[in-house]
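Analysis of the macromolecular model
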Amino acid sequence: MTWHVWQVSPFITSIFFILGVFTLYQVLYDWLKSISHYKNLRMTDDQLKDVFGILYMLIFIFSMQATIVGSLFHGNS
């Protein structure tokens, strides 16, 4: 499919997608940070950000791949 068929260019769509993913990350991190402060966990904010960032990206990457597998490029011509 070429760009003249699309209603919105893929570049604009990808910018809003990345902003949405980043916003979701920030909101969830702030929520986890407030819970960790409320429960007095012995974890610094930097450690929490590191662990949550790795888990978030792993879940995000695998969920994106799981939605694509078998849907487009597996010989469905």
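In the block above lies the structure referred to throughout.
Described in the following lines is the structure provided in the data block.

Conventions adopted
Residues numbered from 1 in each chain as written. Predicted model: local features only at pLDDT ≥ 70, side-chain atom pairs only at ≥ 80, totals over all residues. Heavy atoms only, no water. Helix = DSSP H or I, 4+ residues; strand = E, 2+ residues; numbered from the N terminus. Buried < 20%, exposed > 50% of the residue type's maximum accessible area, 1.4 Å probe, protein only. Phe/Tyr/Trp six-rings, centres within 6.5 Å; stacked < 30°, edge-to-face > 60°.

As for the overall build of the protein chain
- A tally of regular secondary structure across the protein chain gives two helices and zero strands.
- For the protein chain, buried positions account for 10% of its 77 residues.

A closer look at the packing of aromatic side chains
- Summed over the entire model, instances satisfying the criterion amount to five aromatic pairs.
- A centroid spacing of 5.4 Å and a plane angle of 55° characterise the contact between Tyr25 and Tyr56, whose relative ring orientation is tilted. A residue pair is termed long-range when its members are at least 10 positions apart, and Tyr25 in helix α1 (residues 10-38) and Tyr56 in helix α2 (residues 45-68) qualify at 31 residues. The pair formed by Tyr25 and Tyr56 is uniform in burial state, with each residue classed as buried.
- Their ring planes at 40° and their centres at 5.8 Å tell us that Phe52 and Tyr56 sit as a pair that is tilted. Of this pair, Phe52 and Tyr56 both sit in helix α2, four residues apart, which is roughly one turn of that helix. With respect to class, Phe52 is no different from Tyr56; both count as buried.
- A connected cluster of aromatic rings, assembled from ring pairs, spans Tyr25, Tyr29, Phe52 and Tyr56.

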